[in-house]
Amino acid sequence: MHAGHTPPRMKLLFVGGTGNISTSCSRLALELGHELWLLHRPGRPGIAGARDLHCDIADEAAAAAALAPHRFDAVVQFIAFTPAQIERDLRLFAGRCGQYVFISSASAYAKPRTFAPTTERTPLENPRWQYSRDKIACEQVLRAAGVAKLPYTIIRPSLTYDTVIPLPIGGWTDFTTVERMRRGQPVVVPGDGTSPWTITHAEDFAPGLLGLLGNPAAYGEDFQITSDEALTWDELYTQTAQAAGVAQPRLVHIPSELLVAWNPELEGTLLGDKSHPAIFDNTKLKRLVPGFRPRIAYRDGIRRTLAWFDADPARRRLPPENDGFIERLLAAYARAWPVGKLW
């Protein structure tokens, strides 16, 4: 592990633990020899070597009963999104763990702002995205409760991927944009494609998180954990296309405001996040985890991700409504250009 602080073997609980970010964290915890427990709903797949607490944490009484025999050195909460869920966790975990780690979001940082790397002291404010405002409110609940009630650490990942495609239109668990690239069809890039953005592989995120567990210097503190590589959206789309076997994708740049006018549900993720430069300064994390060095370049990580999708055709979701939306959008946008304009 890339770390300076190396705690002894710990008993850890991950609430979640099998998702896009958390699976890599679970695997690393096991590699480091920790006793790992996963709290997740019955029927969810586990991870070899981890122990399961099968319950729905939304059922507080059932969760309390499942947790009753246990005390953990650290609990990592991957799936809390509202203040009420943090208040529930305070009731469940106060006095039951040495450290509570809340996975917040770097989308909580204020935008737009002067062009400078984001640090943990960047103000938290996002009027364009309810998801981000809820994460900010979650952090406020923890701070109000205080370290004396529950020793907490706040983590803010930026866009982090492993088993998702980190493109804003026709990506994530949707394979539409990659499939369009392979078919030689145009794809939509929000804005002019020149904003630099930091995208982090989950396997690079995991050592940063594990390096903070069991470290008293992290109690009551907040940390961002991101890659040190920032690429423009044009570079990110192009490297995704090359990983998919396409030498040069057909990129169509459409203003984010126009995309939101066509689909208001995109306001948060575009105008509240991906329309703005995202470059991060991880100095604070590296003081506590001095060996933290992200190693997976996007061009390599996205090849692994697409290989994972291609390994099982059922993973390549192609919702027809998403492809239809892109086609309607391109047709409408084409009408604004002079005759003969080609993508």
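Residues numbered from 1 in each chain as written. Predicted model: local features only at pLDDT ≥ 70, side-chain atom pairs only at ≥ 80, totals over all residues. Heavy atoms only, no water.

Undergrad: So what exactly am I meant to see when it comes to the environment of alanine 108 here?
TA: Summarising the element assignment, alanine 108 is placed in the loop between β5 (100–103) and α4 (130–145). The residues touching alanine 108, leaving out its near neighbours within four places in the chain, are Pro123, Leu124, Glu125, Asn126, Ser132 and Ile136. (Helix = DSSP H or I, 4+ residues; strand = E, 2+ residues; numbered from the N terminus. Contact = heavy atoms within 4.5 Å.)

Undergrad: How should I be thinking about the sheet that holds β5 in this particular structure?
TA: Whenever strands of a sheet pair, they do so through backbone hydrogen bonds, lying parallel or antiparallel. On the basis of which strands lie adjacent, the open sheet formed by seven strands has the order β3-β2-β1-β4-β5-β6-β11 and parallel pairing. Sheet topology places β3 (51–54) and β11 (221–225) at the edges, where each strand pairs with a single neighbour. Sheet twist, expressed as the average angle between the axes of neighbouring strands with direction ignored, equals 20°. Summarising the sheet, strand β4 (residues 74–77) and β5 pair through three bridges and their orientation is parallel. Residue valine 75 lies in a different strand from β5, and its bridge partner there is tyrosine 100. Against the sheet, helix α3 (residues 83–93) makes contact with β1 (11–15), β4 and β5, and its axis sits at roughly 160° relative to β5, the strand it touches most. The strands touched by helix α6 (residues 202–212) are β1, β4, β5, β6 (152–157) and β11; relative to β11, the strand with the most contacts, the crossing angle is about 160°. (Pairing = 2+ DSSP bridges. Axes fitted to C-alpha atoms, helices over the stretch in contact; angles between N-to-C directions.)

Undergrad: When you look at the pairing of strand β8 (residues 187–190) in this model, what are you seeing that I'm missing?
TA: A regular strand places its side chains so that they alternate between the two faces of the sheet. A two-sided burial pattern is seen for β8, the buried positions comprising Val187 and Val189 on one face and Val188 and Pro190 on the other. Of the strand pairs in this sheet, β8 and strand β13 (residues 251–254) are connected by four bridges, and their pairing is parallel. Bridge pairing links valine 188 to valine 252 in β13. (Buried < 20%, exposed > 50% of the residue type's maximum accessible area, 1.4 Å probe, protein only.)

Undergrad: Just checking my understanding: could you explain the pattern of salt bridges for this structure?
TA: Should their charged atoms come close, side chains of opposite charge can pair. Under the criterion given, the structure shown has 21 salt bridges. Ionic pairing is found between arginine 180 and aspartate 323, a salt bridge with its closest N-O pair at 2.8 Å. Highlighted residues: arginine 180 in helix α5 (residues 176–183) and aspartate 323 in helix α12 (residues 320–334), separated in sequence by 143 residues. Note that lysine 284 is salt-bridged to glutamate 221, the shortest N-O span being 2.8 Å. On the criterion of sequence distance, the pair formed by lysine 284 in helix α10 (residues 283–288) and glutamate 221 in strand β11 is long-range, its members being 63 residues apart. Judged by its relative accessible area of 15%, lysine 284 is buried. One continuous salt-bridge network, built from bridges that share partners, spans Arg121, Glu139, Arg143, Arg156, Glu221, Asp222 and Lys284. (Salt bridge = Lys/Arg side-chain N within 4 Å of Asp/Glu carboxyl O.)

Undergrad: When you look at the packing of aromatic side chains in this model, what are you seeing that I'm missing?
TA: By convention here, two paired aromatic rings are described through the distance between centres and the angle between planes. This model, assessed by the stated rule, comprises nine aromatic pairs. Centroid distance tryptophan 129 to tyrosine 131: 5.1 Å. Interplanar angle 45°. Geometry classified as tilted. A network of ring pairs unites the aromatic residues Phe81, Trp129 and Tyr131 as a single cluster. Over the aromatic face of phenylalanine 223 sits the side chain of lysine 284, whose NZ or CZ is 5.0 Å from the ring centroid. (Phe/Tyr/Trp six-rings, centres within 6.5 Å; stacked < 30°, edge-to-face > 60°. Lys NZ or Arg CZ within 6 Å of the ring centre and 35° of its normal.)

Undergrad: For this particular structure, what's the right way to read the packing of α3 against α4?
TA: To describe two helices that pack against each other, one gives the angle between their axes and the distance between the axes. Where α3 meets α4, the axes come as close as 8 Å, and the angle between the chain directions of the two elements is 30°. Here α4 runs roughly parallel to α3, going by the angle between their axes. When you trace α3 past α4, the crossing you get is right-handed. When α3 is examined against α4, the residues Pro83, Ile86, Glu87 and Leu90 are found in contact with a partner set consisting of Asp134, Ala137, Cys138, Val141, Leu142 and Ala145. (Parallel < 35°, antiparallel > 145°, perpendicular 65-115°, else oblique. Left-handed = near helix turned anticlockwise from the far one by under 90°.)

Undergrad: What am I meant to see in the nonpolar core here?
TA: When a protein is soluble and globular, its nonpolar side chains tend to lie buried together. Judged by nonpolar contacts, the single largest core of 43 residues is most densely connected at Trp233 and Tyr237. Among residues more than four places away in sequence, those in contact with tryptophan 233 are Leu159, Pro166, Leu167, Pro168, Val189, Gly193, Ser195, Trp197, Ile199 and Lys274. One finds Met10, Leu38, Ala74 and Leu212 within the second-largest nonpolar core, a separate group that totals 30 residues. (Core = buried A, V, L, I, M, F, W, Y, C linked by side-chain atoms within 4.5 Å.)

Undergrad: Sorry, what's going on with the pairing of strand β2 (residues 35–40) here?
TA: Buried residues dominate β2, accounting for six of its six residues. With burial as the criterion, each face of β2 is covered, one bearing Glu35, Trp37 and Leu39 and the other bearing Leu36, Leu38 and His40. Pairing of β1 with β2 involves five bridges; the strand directions are parallel. Bridge pairing in β2 links leucine 13 to tryptophan 37.

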